[in-house]
Amino acid sequence: MGLLDAILGRSKPVRPDLDQLFAVPSAALTLQAAAGFSPTGLGSVCFAGVEGGGFARLQEDVRELLDADTERGGIPVEFSRDAYGYTWLLARHPADDSAALVNDLHAVSTLLQDGGFGPQLLCSLIGFRNAEGRALALVYLYKRGTFYPFAPLPGDAEKRDNQLELQVRGVLGDDLRVEKDLSRWFPVWGAPGL
């Protein structure tokens, strides 16, 4: 950041700490033992789309990288857009292979960051369910380098189980860097992978 940037109040975008994602497999074991939530094998990356050929090529590179194993039985990735115009990439793996899922999410994030699109990375989401079918997600905020739990209540109403979210925060406090500012625990209604 130069002197002119400082005078004009501009700041350099924060580089995402992508390696925080590698803490999820051990946190998943803790979450399963302490709260009964198991990984679903679904995970997604959300980013703000950018118009242009460079970004479109990068999306195709991501698809080629993650779909390389489809001939050996791997499941192709899916791209979708939400109501706010953000792009989501959904990756699927066997539920007992959260390490492979995290590797895919990390690879996508790394490609976007190395391609100059790091500031467009918003969050990653890793899905969990308990024996009753309740959904839970661990959401990673790239710009903060922190995780938070998101637990929607069953049904069509967009309501959260705040008690469960706080319980999960307590359970995972030693495994993950959990976001302390609760106002940053944004709802991700209808997110792929949830």
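For clarity, every value in this text was computed on a predicted model and none was experimentally measured.

**Q** Is there a simple way to explain the sheet that holds strand S2 (residues 78-81) in this structure?
**A** The pairing of strands in a sheet comes from backbone hydrogen bonds and takes either a parallel or an antiparallel form. Strand order in the open sheet formed by 6 strands is S2-S3-S1-S4-S5-S6, and the pairing between neighbours is antiparallel. Lying at the two open borders of the sheet, with one neighbouring strand each, are S2 and strand S6 (146-150). Within this sheet the neighbouring strands show an average axis-to-axis angle of 25 degrees, counted without direction. Summarising the sheet, strand S5 (residues 135-141) and S6 pair through 5 bridges and their orientation is antiparallel.

**Q** I keep staring at the pairing of strand S4 (residues 121-129) and nothing clicks. Help me out?
**A** The side chains of a regular strand alternate, first on one face of the sheet and then on the other. With 7 of 9 residues buried, S4 is to be regarded as a mostly interior element. Of the pairings in the sheet, the one linking strand S1 (residues 38-48) to S4 comprises 7 bridges and is antiparallel in character. By the bridge assignment, Ser38 is partnered in S4 with Arg129. The pairing of S4 with S5 spans 7 bridges and is classified as antiparallel. Opposite Gly127, over in S5, you have Ala137 as the bridge partner. Linking S4 to S5, which pair antiparallel, is a turn of 5 residues; within it Gly133 sits at a positive phi near 90 degrees.

**Q** How should helix H5 (residues 162-172) be read in this particular structure?
**A** Every α-helical turn comprises 3.6 residues, leaving residues that sit three or four positions apart pointing alike. Those residues of H5 that sit buried are Leu164, Glu165, Val168 and Leu172. Angularly, the buried residues of H5 cover 100 degrees about the axis, an arc narrow enough to put them on a single face. Turned more than 90 degrees away from the buried face of H5, the exposed residues are Gln163 and Gly170. Here the buried face of H5 lies against helix H2 (24-35), S5 and S6.

**Q** Would you take a moment to explain the nonpolar core for this structure?
**A** The tendency in soluble globular proteins is for nonpolar side chains to be buried side by side. Formed by 47 residues in total, the largest nonpolar core has its most connected members in Phe128, Val139 and Val188. Beyond its immediate stretch of four places on either side in the chain, Val139 contacts Cys123, Ser124, Leu125, Thr146, Phe147, Tyr148, Phe150 and Val188.

**Q** How should the layout of surface pockets be read in this particular structure?
**A** The gaps of empty space that remain are located by a probe, the size of a water molecule, rolled over the atoms. Roughly 550 Å³ of internal volume is contained in the largest pocket. Forming the boundary of the largest pocket are 22 residues, of which Tyr86, Cys123, Phe186, Pro187 and Val188 lie nearest the centre. Of all the secondary-structure elements, those providing two or more residues to the lining of the largest pocket are strand S3 (86-92), S4 and S5. Considering only residue class, the lining of the largest pocket consists of 16 nonpolar, 1 polar and 5 charged.

Cut-offs used in this document
Residues numbered from 1 in each chain as written. Predicted model: local features only at pLDDT ≥ 70, side-chain atom pairs only at ≥ 80, totals over all residues. Heavy atoms only, no water. Pairing = 2+ DSSP bridges. Helix = DSSP H or I, 4+ residues; strand = E, 2+ residues; numbered from the N terminus. Axes fitted to C-alpha atoms, helices over the stretch in contact; angles between N-to-C directions. Buried < 20%, exposed > 50% of the residue type's maximum accessible area, 1.4 Å probe, protein only. Arc of directions from axis to C-beta. Contact = heavy atoms within 4.5 Å. Core = buried A, V, L, I, M, F, W, Y, C linked by side-chain atoms within 4.5 Å. 1 Å grid on protein atoms, 1.4 Å probe; cavity = no way out; pocket = protein on both sides within 12 Å on 5 of 7 lines; lining within 4 Å. Points joined across faces, edges and corners; volume = space filled by probe spheres on them. Nonpolar A, V, L, I, M, F, W, Y, C, P; charged D, E, K, R; others polar.

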